[in-house]
Amino acid sequence: MLFSIYRYNPETDKKPRMQDYELNIEEGSDIMLLDALIALKEQEPTLSFRRSCREGVCGSDGLNINGKNGLACITPVSSLGKKVVVRPLPGLPVIRDLVVDMQQFYRQYEKIRPYLINNDEPPARERLQSPEDREKLDGLYECILCACCTTSCPSFWWNPDKFIGPSGLLQAYRFIIDSRDTETSSRLADLDDAYSLFRCRGIMNCVDVCPKGLNPTQAIGHIRSMMLQQGL
Amino acid sequence: MVASTTSLGRSGLHDWVIQRITAVVLAVYVVYLSAFVFSADSLTFAAWQGLFGQTWFKIFSLISIAALSFHAWIGMWVISTDYIKPTGIRLVFQALLILSCFAFIIWGAQILWSV
Ligand code: SF4
Ligand code: SF4
Ligand code: FES
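Now for a quick tour of the structure.

### Things to note about the site of ligand 1
- Residues in contact with ligand 1, as listed here, are Cys153, Phe163, Pro166, Cys200, Arg201, Gly202, Ile203, Met204, Asn205, Cys206, Thr217 and Ile220 of chain A.
- Considered class by class, the residues forming the shell around ligand 1 number 8 nonpolar, 3 polar and 1 charged.

Structure below.
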């Protein structure tokens, strides 16, 4: 099987290049793309990429695979055709080969204050939540911050310093809708500028790529309607 | 975050709401005007002048011209902040944009009330 992989070492290379590698995969067997990359790394020890859990829960190995963002560890090579083109996630600075600098992504995440804030007196034991209220967090809390969505979003490419991006906005909604959080209106107010939330143009690339099947566009829509209700 | 000084609504929500409302106004206007144009034998000079001679239609038309200008202002402002990175060029573009929006509204009013 043929792999064309993005190679770039900013310390020694003038510009990035695509390099082809051949890998024998036994007839009738299937492996995940991450395993293929690990096998290729034996041929070519300088090949760099991130990975950790190798089962789609840590979010380290988001890559651009045949033009579409996804996690290498849960992408079977059988689903990828004869030639596999692997590039780093788009829109973020490349540190080396398939490793990108996630700072801009995390900075946006930090802005939405990704933790519960509750200004009420703490109860003796813990803050309880009804099963119905807990249910509202489904489809939100599962995000593993892999950045597949945000780096596929054109609005983030053009304004990575100002637009929170789908992943951060999904998380923002996760705290806005949490019944135990008391900062709902200040969280909404924080997003009411021309960029942070409203730069989303509903292109839905984010929904298309999320490896956890989440729907950031829908969360963005919910935030917008909550703002509208507060503003009317 | 600093408010965007050259955007129409100065807040994301305002811009978003104005964009939706102006879109509805434009849709209604276009549908009404097309219905008029395509309805049988209405396309005579007299009918056309009669339509634009009525005050309510002048107001409706002026509101639609304003809606178009504001819609364009918001839309083009977004495009300029996405694609024009050098501040100087962006400022000139936005200034021209805002001026032409106002120019179109005034010019439109002048044309409408000259009928
Ligand atoms: S729906 Fe919004 S956040 Fe998602 S990819 Fe499109 S512009 Fe980006
Ligand atoms: S929403 Fe999906 S694609 Fe985006 S960071 Fe979370 S898990 Fe990854
Ligand atoms: S290695 Fe953890 S998500 Fe792929």
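More follows now that the structure is in view.
### Points about helix H4 (residues 87–112) of chain B
All names here are of chain B.
- A rise of 1.5 Å per residue sets the reference length of H4, with its 26 residues, at 38 Å; its end C-alpha atoms lie 37 Å apart and thus fit the reference within 8%.
- Listed as buried for H4 are Arg90, Gln94, Leu97, Ile98, Cys101, Ile105, Gly108 and Leu112.
- At its buried positions, H4 is contacted by helix H2 (45–53) and helix H3 (55–83).

### Side note on the interface of chain A and chain B
- Listed by partner, the interface residues are 14 residues for chain A and 14 residues for chain B.
- Here chain A meets chain B over a buried area of about 1400 Å², counting both sides, of which 61% is carbon and sulfur.
- Viewed at the interface, chain B and chain A are joined by 1 salt bridge.
- Inspection of the chain A/chain B interface yields 11 residue pairs in polar contact (both at pLDDT 80 or more).
- A total of 3 residues in the side of chain A that touches chain B trace back to one element, the largest contributor, which is helix H8 (residues 216–231) of chain A.
- The class makeup of the residues in the side of chain A that touches chain B is 6 nonpolar, 2 polar and 6 charged.

### Structural notes on the nonpolar core
- Formed by 35 residues in total, the largest nonpolar core has its most connected members in Leu169, Tyr173, Leu191, Leu197, Ile223 and Met227 of chain A.
- Elements with a minimum of two residues in this core: helix H5 (165–176) and H8 of chain A together with helix H1 (12–38) of chain B.
- Listed in part, the 29 residues of the second largest apolar core include Tyr8, Leu33, Cys73 and Cys146 of chain A.

Thresholds applied
Residues numbered from 1 in each chain as written. Chains lettered and ligands numbered in written order. Predicted model: local features only at pLDDT ≥ 70, side-chain atom pairs only at ≥ 80, totals over all residues. Heavy atoms only, no water. Near = heavy atom within 4 Å. Nonpolar A, V, L, I, M, F, W, Y, C, P; charged D, E, K, R; others polar. Helix = DSSP H or I, 4+ residues; strand = E, 2+ residues; numbered from the N terminus. Expected span 1.5 Å × (residues − 1). Buried < 20%, exposed > 50% of the residue type's maximum accessible area, 1.4 Å probe, protein only. Contact = heavy atoms within 4.5 Å. Buried area = accessible area lost by both parts, 1.4 Å probe. Salt bridge = Lys/Arg side-chain N within 4 Å of Asp/Glu carboxyl O. Polar contact = N/O pair within 3.5 Å; in protein donor to acceptor, adjacent residues only side chain to side chain. Core = buried A, V, L, I, M, F, W, Y, C linked by side-chain atoms within 4.5 Å.

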